[in-house]
Amino acid sequence: MTSTRPKLTIRLAAPRGFCAGVDRAIQIVERALERFGAPVYVRHEIVHNRHVVERLEQMGAIFVEELDECPDDRPVVFSAHGVPKQVPAEAQRRNMIYVDATCPLVSKVHVEAQRHEDNGDEILLIGHAGHPEVIGTMGQLPEGSMTLIETIEDAQAFQPKDENRLAFVTQTTLSVDDTSAIVDVLQARFPGMKAPHKEDICYATTNRQAAVKALAPHSDIVFVIGAPNSSNSVRLVEVALRAGAPRAQLVSCAADVDWDELGPVETVGITAGASAPEDLVQGLIEAFKERFDVTQEDVRVTDEDIVFKLPRAVA
Ligand code: SF4
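Residues numbered from 1 in each chain as written. Predicted model: local features only at pLDDT ≥ 70, side-chain atom pairs only at ≥ 80, totals over all residues. Heavy atoms only, no water.

(A) Geometry of the overall build of the protein. Across its full length, the protein carries 11 helices and 12 strands. A compact globule built from 315 residues should have a C-alpha radius of gyration of about 20 Å, and the protein, at 21 Å, falls within 12% of that. The C-alpha extent of the protein, read off along each of the three principal axes, is 70 × 55 × 30 Å. The buried share among the 315 residues of the protein stands at 53%. If you take every contact in the protein between residues at least 6 apart in sequence, the share linking residues at least 24 apart comes to 76%. (Helix = DSSP H or I, 4+ residues; strand = E, 2+ residues; numbered from the N terminus. Rg over C-alpha atoms; globule rule 2.2 N^0.38 Å. Buried < 20%, exposed > 50% of the residue type's maximum accessible area, 1.4 Å probe, protein only. Contact = heavy atoms within 4.5 Å.)

Structural data, given as structure tokens:
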């Protein structure tokens, strides 16, 4: 029997979805619940995804924004984005059990920033104001040690104390292209500025942007599954549009798709931010299959096999 549904090609980005840091952070909360029993407190959304948070809440996790909302006698987990130094210090002072789920690639940036500070360099942090990772990275050093650079205009306006003692680090989930444009401006102005040994933008952000770039030009619309407060997911929408997708939309799951607004489409690109679970991707594909005669293609730019070890407290 021939299908009467319109034909649609779904181009599925690979890699997409969970990265090693998110996977580890979620496992840390699950293991902490097993080891210590409920409730386990989590300071800030463990990763920026409501579906993940709600599942962990059902298992007995309690999400709070600040440490002073946690009782002394229950364990607390710090989110994957990292925390200012005073947070673990305060947990220690209160004799709390705490497990740090900061992604090792964010911790690496913290170590770099500390090294520059020890060398007496003035530090620029390229990132977005207010993002918890930026708050955590700036909070590794005394207030005023780092200057935040958000835009090319910031890079053009910045006045160093001594241009021979400058270094920069970045947020891990930025747009690769925007960041290199900002770095170009800074390096042209301050050729001696020290750069990270290896890019601070992490492998997962880089690979997901490369995959969406590859599928965007051939898609009538690109759907990015992710949360509005997920930096790397929002970047994927921007990258898709810049790479030639006529439309790109951030949706938290299939229920967010406005089918009446979709219009005539023949090719749809799908990807997911690093904090979005694969079952949400599959749910979106199923929703398309209910309405279209779907052919599916993978657009794979690379394979990932990175796994991070769990902290000893929950290993
Ligand atoms: Fe770590 Fe990158 Fe994942 Fe953030 S996006 S948790 S830095 S691997």
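(B) Broad picture of the nonpolar core. Counting residues in each nonpolar core, the largest one holds 31 residues, and the members touching the most others are V29, I46, V47 and V77. Looking at this core, the elements with two or more residues in it are α1 (20-36), β2 (40-43), α2 (50-59), β3 (61-64) and α8 (203-215). The element contributing the most residues to this core is α1, with 8 residues. For this core, the two domains that each supply at least three residues are domain 1 (7-18 + 203-300) and domain 2 (20-100). Dropping the residues within four chain positions of it, I46 is found in contact with A25, V29, V52, L56, F63, V77, F78, S79, A80, H81 and A101. (Core = buried A, V, L, I, M, F, W, Y, C linked by side-chain atoms within 4.5 Å. Domains from an automatic or database assignment.)

(C) Broad picture of the domain arrangement of the protein. If you check the domain split of the protein, you get domain 1 (7-18 + 203-300), domain 2 (20-100) and domain 3 (108-189). Relative to domain 3, the C-alpha centre of domain 2 lies at a distance of 28 Å. Together domain 2 and domain 3 conceal approximately 600 Å² of surface at their shared face, both sides included; 58% is due to carbon and sulfur atoms. Run the count over domain 2 and domain 3 and you get 0 salt bridges. On the surface where domain 2 and domain 3 come into contact, there are 3 residue pairs in polar contact (both at pLDDT 80 or more). (Buried area = accessible area lost by both parts, 1.4 Å probe. Salt bridge = Lys/Arg side-chain N within 4 Å of Asp/Glu carboxyl O. Polar contact = N/O pair within 3.5 Å; in protein donor to acceptor, adjacent residues only side chain to side chain.)

(D) Broad picture of empty space enclosed by the protein. In this structure the tally under the stated criterion is 2 cavities of 30 Å³ or more. Put simply, the largest cavity is a space of about 300 Å³. Every residue lining the largest cavity is counted, 26 residues in all, and those nearest its centre are V22, H81, T172, T173 and N232. Put simply, the parts of the chain that give the lining of the largest cavity at least two residues each are α1, α4 (104-118), α8 and α9 (231-242). Tallied by class, residues from the lining of the largest cavity come to 14 nonpolar, 11 polar and 1 charged. There is about 40 Å³ of room inside the second largest cavity. Taken together, I221, F223, R247, Q249, V257, D258, E261 and L262 form the lining of the second largest cavity. Listed by contribution, the elements that provide at least two residues to the lining of the second largest cavity are β9 (221-225) and α10 (259-262). When grouped by side-chain class, the residues that make up the lining of the second largest cavity number 4 nonpolar, 1 polar and 3 charged. (1 Å grid on protein atoms, 1.4 Å probe; cavity = no way out; pocket = protein on both sides within 12 Å on 5 of 7 lines; lining within 4 Å. Points joined across faces, edges and corners; volume = space filled by probe spheres on them. Nonpolar A, V, L, I, M, F, W, Y, C, P; charged D, E, K, R; others polar.)

(E) Seen up close, the sheet that holds β9. Taking strand neighbours across the sheet as the criterion, the 5 strands line up as β10-β9-β11-β1-β12 in an open arrangement whose pairing is parallel. At either end of the open sheet lies a strand with only one pairing partner, and these are β10 (248-251) and β12 (293-300). Here the average twist between neighbouring strands, direction ignored, is 25°. Contacts from α8 reach β1 (7-14), β9, β11 (267-272) and β12 within the one sheet, and its direction differs from that of β1 by about 155°. Along the sheet, helix α11 (residues 278-289) makes contact with β1, β9, β11 and β12, crossing β11 at roughly 160°. (Pairing = 2+ DSSP bridges. Axes fitted to C-alpha atoms, helices over the stretch in contact; angles between N-to-C directions.)

(F) Spatial organisation of the sheet that holds strand β4 (residues 76-78). Here 4 strands make up an open sheet; going across it, the order is β3-β2-β4-β5 and the pairing parallel. Unpaired on one side and paired on the other, β3 and β5 (98-100) mark the two borders of the sheet. Across this sheet, the average inter-strand angle for adjacent strands is 25°, counted without regard to direction. Where β2 and β4 come together, 3 bridges link them in parallel fashion. The residue bridging R43 from the neighbouring strand is F78, located in β4.

(G) Representation of the environment of E266 within the structure. Among the structural elements, E266 can be located in the loop between α10 and β11. According to the relative accessible area criterion, E266 is exposed, its value standing at 60%. For the pair formed by E266 and I221, sequence separation is 45 residues and the distance between their alpha carbons is 9.2 Å. Ignoring any residue separated from it by four or fewer positions in sequence, one finds E266 in contact with K7, L8, T9 and D220.

(H) Focus on the site of the ligand. Neighbouring residues of the ligand: C19, G21, V22, C103, L105, V106, T172, T173, C202, Y203 and A274. Of the pockets mapped on this structure, the ligand occupies the largest cavity. Elements supplying a minimum of two residues to the shell around the ligand: α1 and α4. For the shell around the ligand, a count of residues per class yields 8 nonpolar, 3 polar and no charged. (Near = heavy atom within 4 Å. Sits in = over half its atoms within 2 Å of the grid points.)

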